[in-house]
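# Architecture and fold: a report
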Amino acid sequence: MATAAGLATRSAADTAPLVPVEVKNLHKRFGDLHVLKGISLTANKGDVVALIGGSGSGKSTFLRCINMLEHPTSGSIAIDGEEIRLRKDSSGDLAPVDRRQVRRIRTRLAMVFQSFNLWQHLTLIQNVTEVPVHVLKVPREEARERAEALLHRVGLYEKRDAYPAFLSGGQQQRAAIARALAIQPDVLLFDEPTSALDPELVGEVLAVIRDLAEDGRTMILVTHEMKFAREVASHVVFLHSGQIEEQGPPEAIFGSPNSERLQRFIQSIH
Amino acid sequence: MSDALPEEIAAPHLPSASTTRSEFLKPHRIVLALIGVGLIVAAAMTLRWDWLPKYGDLILAGLWMTVLLLVVTSILGFLIAVPVGLAQVTGPRIFAWPAATFCTIIRGTPLLLQIWLLYYGLGSLFPFIPEIRQSFLWPYLRQAWPYGVLALTLSYAGYEGEVMRGAFAGVPKGEIEAARAFGMGRFTLLRRIWLPRAFQRVLPTLVGETVLQLKSTPLVATITISELYAVFARVRQDTYIVYEPLLLLALMYLVLTAILVYLFRLLENRLTPKSR
Ligand SMILES: Nc1ncnc2c1ncn2[C@@H]1O[C@H](COP(=O)(O)OP(=O)(O)OP(=O)(O)O)[C@@H](O)[C@H]1O
Ligand SMILES: [Mg+2]
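Residues numbered from 1 in each chain as written. Chains lettered and ligands numbered in written order. Predicted model: local features only at pLDDT ≥ 70, side-chain atom pairs only at ≥ 80, totals over all residues. Heavy atoms only, no water.

Below, the discussion takes up the site of ligand 1. All names here are of chain A. Neighbouring ligand 1 are 13 residues, the closest being Ser55, Gly56, Lys59, Ser60 and Thr61. Within the side chain of Ser55, an N or O atom sits 2.6 Å from an oxygen atom of ligand 1. Within the side chain of Thr61, an N or O atom sits 2.5 Å from an oxygen atom of ligand 1. For ligand 1, the protein covers 60% of the area, taking 640 Å² as the surface of the free molecule. The set of elements that each furnish at least two residues to the shell around ligand 1 consists of strand E2 (33-43) and helix H2 (59-66). A per-element tally of the shell around ligand 1 places H2 first, with three residues. Considered class by class, the residues forming the shell around ligand 1 number three nonpolar, eight polar and two charged. (Near = heavy atom within 4 Å. Polar contact = N/O pair within 3.5 Å; in protein donor to acceptor, adjacent residues only side chain to side chain. Areas by Shrake-Rupley, 256 points an atom, 1.4 Å probe, with all protein chains shown as cover. Helix = DSSP H or I, 4+ residues; strand = E, 2+ residues; numbered from the N terminus. Nonpolar A, V, L, I, M, F, W, Y, C, P; charged D, E, K, R; others polar.)

Its place among the elements puts Gln173 of chain A in helix H6 (residues 169-182). When near neighbours in sequence (up to four residues on either side) are disregarded, Gln173 of chain A contacts Val112, Phe113, Gln114, Phe116, Pro193 and Val205 of chain A. (Contact = heavy atoms within 4.5 Å.)

Listed by partner, the interface residues are 26 residues for chain A and 23 residues for chain B. Each partner contributes to the roughly 2300 Å² buried at the junction of chain A and chain B, and carbon and sulfur atoms together form 61% of this total. Viewed at the interface, chain B and chain A are joined by two salt bridges. The salt bridge partner of Arg192 of chain B is Glu130 of chain A, with a shortest N-O separation of 2.7 Å. (Buried area = accessible area lost by both parts, 1.4 Å probe. Salt bridge = Lys/Arg side-chain N within 4 Å of Asp/Glu carboxyl O.)

What follows is about the nonpolar core. The biggest cluster of nonpolar side chains holds 115 residues, and the ones touching the most others in it are Phe62, Ile66, Trp119, Ile177, Phe190 and Ile220 of chain A. Per element, the largest residue contribution to this core is eleven residues, and it comes from helix H11 (residues 186-216) of chain B. Dropping the residues within four chain positions of it, Trp119 of chain A is found in contact with Asn127, Glu130, Val131, Pro164 and Arg179 of chain A together with Glu175, Ala178, Ala179, Phe182, Met184 and Ile193 of chain B. (Core = buried A, V, L, I, M, F, W, Y, C linked by side-chain atoms within 4.5 Å. Buried < 20%, exposed > 50% of the residue type's maximum accessible area, 1.4 Å probe, protein only.)

What follows covers the packing of aromatic side chains. Tallied over the full model, the rule gives ten aromatic pairs over all chains. On the numbers, 5.2 Å between centres and 35° between planes, the contact of Phe238 of chain A with Phe265 of chain A is tilted. Of this pair, Phe238 of chain A sits in strand E11 (residues 235-240) while Phe265 of chain A sits in helix H10 (residues 260-269), and the two are 27 residues apart along the sequence. You can call Phe238 of chain A buried: its relative accessible area is 2%. Phe265 of chain A sits in the buried class, given a relative accessible area of 10%. Summarising the aromatic geometry, the rings of Trp49 of chain B and Trp51 of chain B are spaced 5.9 Å apart at their centres and angled 40° between planes, so their arrangement reads as tilted. On the accessibility criterion, Trp49 of chain B (21% relative accessible area) is partly exposed. Here the guanidinium or amino end of Lys28 of chain A rests over the ring plane of Phe30 of chain A, the centre of that ring lying 4.8 Å away. One residue, Arg160 of chain A, lies across the ring of Tyr157 of chain A, its end atom 4.1 Å from the ring centre. (Phe/Tyr/Trp six-rings, centres within 6.5 Å; stacked < 30°, edge-to-face > 60°. Lys NZ or Arg CZ within 6 Å of the ring centre and 35° of its normal.)

Here it is as structure tokens:
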């Protein structure tokens, strides 16, 4: 039944273009702390949305709500036009009605974490084939071939049988990107993918992400790399204490910021 | 003498898999090995071993029983320890609390007491329950070994349940979260990520725990199970020879321990990530 619904939404894609990510009026509270105060954001196909903002402004929380790693307090989230069915649970937050729906939707969103979070007991190639084989039920051979191609693309083909612990941060993050691509996601979510890296390793990871952006991938990217955001993003969203303070094309945001907070933020970063 | 024994006997059995032959044959090791051989020869020449042929078969049977008890109870115990550990880490309180209580009770009471409670307690209760007397299990429940197996299994489960709790909790949150973020269901996540990760972390501890389990097996001799120790107790009773049987018994436990440690090391080498 779940697959039938999935097929129905997929086939509708041929007629009207589906919106990969559509978030409406999202609120999130951690107890008394009101972290997200009504955020709406749409990412159309091929959009690269850069989320910027100070520490604690709620960027990670917002990203984690999109794939339900965090349960929002209110609001709605739709992926590829399919709204995640939610209902209030005992904690006062919105919990998914149907876990299987969330799992299915999660396989269309791939997340790249600040601290890579590769599975340390698996080699790189195993990390990349893990989800295709054990969640998406792709035949092992096919998954392996695809994984090898992806590791090749991120420049880690030679390291495919190495364990993550023996790689540099930059290599681990590139492997994490290959793992994300392996599920052939509709949307890539990046949470500060270069913040945990030594400065000399940032470039290699950004190069891979830039490559993906040029491929026309839909991405939502939390970053502190303003120069990169300016070059790669199609849309920039500035978050301040849980609200969208300002948004627009990168030229406008970085070239002529309206709000004083954004001006100060941009200056503080440079 | 008994202090010196473990060194020479255990050491030659425990090369780490990476040791090469030349590293292995270091001068001090050769000297120790020679001393060991000397001691064994001296023991063989000067002490009384004439009882040995007569009890050979019994000793082998006892050895087999001990190995069987160790393997069966460790595996069963571990299978119980996994949910016991997991329940304490993520379970709802109705599971977490009994699991924690179970660990506390098992770890907080002497194993000997547990064995006796099961054997004399349960074992003497069962004959009064007609359903059990008539069931197909009764022929087994009349014997001692089910109680010994149960007690040793629960003991291992209690200690390892606590160890697994720590191991599960110690797996980095980010790795679990990544699995969830990629749409893994709970069971797949446990089977593919959480459990293997926890097991890998726990393996070094598990060696020691299993050696302790081996050395707990003689306790079931008190409920008439003829494992290794029970056989030697009988030899001593029959022959009035005290020292030699005990010496041989100690040697056999040492060798068993060495084999156990070696097997675990093989496993560890297979499961631990290596650079290449
Ligand atoms: N699980 C949680 N429980 C309670 N408070 C939380 C939790 N996660 C985040 N917060 C709080 O929510 C606020 C927003 O956190 P968030 O991680 O989303 O910020 P951020 O914009 O990603 O910041 P940074 O740039 O430092 O990563 C912070 O004040 C943080 O302390
Ligand atoms: Mg963050």
